[in-house]
Amino acid sequence: MARRKYVVGNWKMNGLASALDEARAIFEGAAAHPSVDVALCPPFTLIGAMHAAAPDAAVGGQDCHSADAGAFTGSVAASMLADAGATLVIVGHSERRDGCGETNAEVKAKAEAALAAGLSVILCVGEPREVREAGGAIDHVLAQVRESLPDQFDRTRLAIAYEPIWAIGTGLVPTVEDVAAMHGSIRAALTERIGAGANELRLLYGGSVNGDNAAELLGAGDVDGALVGGASLTAAKFLPIVAAAATLAG
Ligand code: 13P
């Protein structure tokens, strides 16, 4: 089964209500490329409004708690995201693993909670610069995959995003060969875990993707799409990435 291309915008901590026009423009423009699945993950505060502004579009969260409710001040449960209109959630982003001290075990629990709430999951992994320079990138990322992957999951509702930490927001990107090697290794680890069904999982690349490099990065072996930060904030920057994915979708 061919894997559909998937381009997801992670707005991080950007976006007020005034940004909803931009989101609408993104979803309208993306509709011209029906071969590509497109989603936007705004801050929690915009999920409901973005879903209302574009009811047919895929809107997601950037994190969720592993519990369904309780005394967790400031946290949001996966069921709450779904209730607000989200259909997906990012878990394990490096800005949460590093910035908030999230472990693989916590990321796994979050992914399991999200799946249980009916959401699709984008599970992020990626190595720091020193690990890449020391030649340990693949081992590091495969350990993250093995330890943060849920025990059971519907493979059509889980995607893995490989985001080298040193490539996020820096303008630096790995070589196409390095991306292909990493994605091939992730696919092989998934096959070891779940067998041939691993071919149905989508593997996204993230880190300084833009309209100029998208075709090359998304054309690398085993890359099924992109998780985009800075270039997802405007239609002018994001739609060329969707268009590049559409070209590769054939
Ligand atoms: P940039 O595209 O801004 O490098 O961010 C990537 C990212 O972290 C997406 O989750």
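It should be noted that the structure appears before, not after, this text.
Note that the structure is predicted; figures quoted are calculated from it, not measured. (Residues numbered from 1 in each chain as written. Predicted model: local features only at pLDDT ≥ 70, side-chain atom pairs only at ≥ 80, totals over all residues. Heavy atoms only, no water.)

What follows covers the layout of surface pockets. Of the pockets and cavities examined, the largest pocket occupies roughly 470 Å³. Contributing to the lining of the largest pocket are 22 residues, with Phe-44, Gln-62, Asp-63, Arg-96 and Cys-100 lying nearest its centre. Those elements that place two or more of their residues in the lining of the largest pocket are α2 (44–53), α4 (94–97) and α5 (104–116). Classifying every residue of the lining of the largest pocket gives eight nonpolar, seven polar and seven charged. Roughly 260 Å³ of internal volume is contained in the second largest pocket. If you trace the second largest pocket, you find 21 residues lining it, with Tyr-6, Asp-37, Thr-156, Arg-157 and Arg-202 closest to the centre. (1 Å grid on protein atoms, 1.4 Å probe; cavity = no way out; pocket = protein on both sides within 12 Å on 5 of 7 lines; lining within 4 Å. Points joined across faces, edges and corners; volume = space filled by probe spheres on them. Helix = DSSP H or I, 4+ residues; strand = E, 2+ residues; numbered from the N terminus. Nonpolar A, V, L, I, M, F, W, Y, C, P; charged D, E, K, R; others polar.)

What follows concerns the site of the ligand. As a matter of local geometry, the ligand sits amid 13 residues, with Lys-12, His-93, Gly-169, Ser-208 and Gly-230 nearest to it. Between the ligand and Gly-169, the relevant distance is 2.6 Å, taken from an oxygen atom to a main-chain nitrogen or oxygen of the residue. In isolation the ligand has 300 Å² of accessible area, and contact with the protein removes 95% of it. In the shell around the ligand, the residues fall into four nonpolar, seven polar and two charged. (Near = heavy atom within 4 Å. Polar contact = N/O pair within 3.5 Å; in protein donor to acceptor, adjacent residues only side chain to side chain. Areas by Shrake-Rupley, 256 points an atom, 1.4 Å probe, with all protein chains shown as cover.)

With that settled, the discussion passes to α5. Compared with an ideal rise of 1.5 Å per residue, which puts 13 residues at 18 Å, α5 spans 18 Å between its outermost C-alpha atoms and is within 8% of the ideal. Residues of α5 that are buried include every one of Asn-104, Val-107, Lys-110, Ala-111, Ala-113, Ala-114 and Leu-115, and no others. Structurally, α5 contributes buried residues whose contacts are with α3 (78–83), β4 (88–91), α4, β5 (120–125), α7 (137–148) and β6 (158–162). In the segment just after α5, Gly-118 is the residue with positive phi, at about 90 degrees. (Expected span 1.5 Å × (residues − 1). Buried < 20%, exposed > 50% of the residue type's maximum accessible area, 1.4 Å probe, protein only. Contact = heavy atoms within 4.5 Å.)

What follows deals with the packing of helix α1 (residues 20–30) against helix α10 (residues 235–249). One way to put it is that α1 packs onto α10 with a least axis distance of 9 Å and a crossing angle of 25 degrees. Between α1 and α10, the crossing angle belongs to the class labelled roughly parallel. Between α1 and α10 lies a crossing of right-handed hand. Counted together, Glu-22, Ala-25, Ile-26, Gly-29 and Ala-30 of α1 and Ala-235, Ala-236, Phe-238, Leu-239 and Val-242 of α10 form the full contact between these two elements. For the contact of α1 with α10, the residue count by class is eight nonpolar, one polar and one charged. (Axes fitted to C-alpha atoms, helices over the stretch in contact; angles between N-to-C directions. Parallel < 35°, antiparallel > 145°, perpendicular 65-115°, else oblique. Left-handed = near helix turned anticlockwise from the far one by under 90°.)

What follows concerns the pattern of salt bridges. Two side chains carrying opposite charge are able to pair once their charged atoms lie near each other. For the coordinates displayed, the defined rule picks out 17 salt bridges. As a salt-bridge pair, Arg-155 and Glu-200 come within 3.5 Å of each other at their nearest N and O atoms. Remark: Glu-200 occurs in the loop between α8 (176–194) and β7 (202–206) and Arg-155 occurs in the loop between α7 and β6; sequence separation between them is 45 residues. (Salt bridge = Lys/Arg side-chain N within 4 Å of Asp/Glu carboxyl O.)

A few words now on the sheet that holds strand β1 (residues 5–10). One closed barrel accounts for eight strands, arranged β1-β2-β3-β4-β5-β6-β7-β8; its pairing is parallel. On average, adjacent strands in this sheet sit at an angle of 25 degrees to one another, irrespective of strand direction. Bridge analysis of β7 against strand β8 (residues 225–228) gives three bridges, and the strand direction is parallel. In the strand pairing of β8, Leu-204 is matched with Gly-225. This element, α1, spans β2 (36–41) and β3 (58–61) of the sheet and lies at about 170 degrees to β2. (Pairing = 2+ DSSP bridges.)

Attention shifts here to the packing of aromatic side chains. As enumerated under the stated definition, the model contains one aromatic pair in all. Positioned above the aromatic ring of Tyr-6, the side-chain terminus of Arg-202 is 4.1 Å from the ring centre. (Phe/Tyr/Trp six-rings, centres within 6.5 Å; stacked < 30°, edge-to-face > 60°. Lys NZ or Arg CZ within 6 Å of the ring centre and 35° of its normal.)

Residues Val-7, Val-121, Ile-160, Ile-186, Leu-190 and Phe-238 are the most contacted members of the largest nonpolar core, which totals 69 residues. At eight residues, the largest contribution of residues to this core is made by α10. The residues contacting Val-7, other than those within four sequence positions of it, are Val-36, Asp-37, Val-38, Ala-39, Leu-218, Ala-226, Val-228, Phe-238, Ile-241, Val-242 and Ala-245. Of all hydrophobic cores here, the second largest spans 12 residues; its members include Val-8, Cys-41, Ile-122 and Cys-124. (Core = buried A, V, L, I, M, F, W, Y, C linked by side-chain atoms within 4.5 Å.)

Because side chains alternate across β4, one face comprises the buried residues Leu-88 and Ile-90, and the other comprises Val-89 and Val-91, equally buried. In this structure, β3 lies alongside β4, joined through two bridges in parallel fashion. Note that in β4 the partner of Gly-61 across the bridge is Val-89. Crossover connection from β3 via α3 to parallel β4: handedness right-handed. Relative to β5, β4 runs parallel, the two being bridged by four bridges. (Right-handed = clockwise from strand over helix to strand, strands pointing away.)

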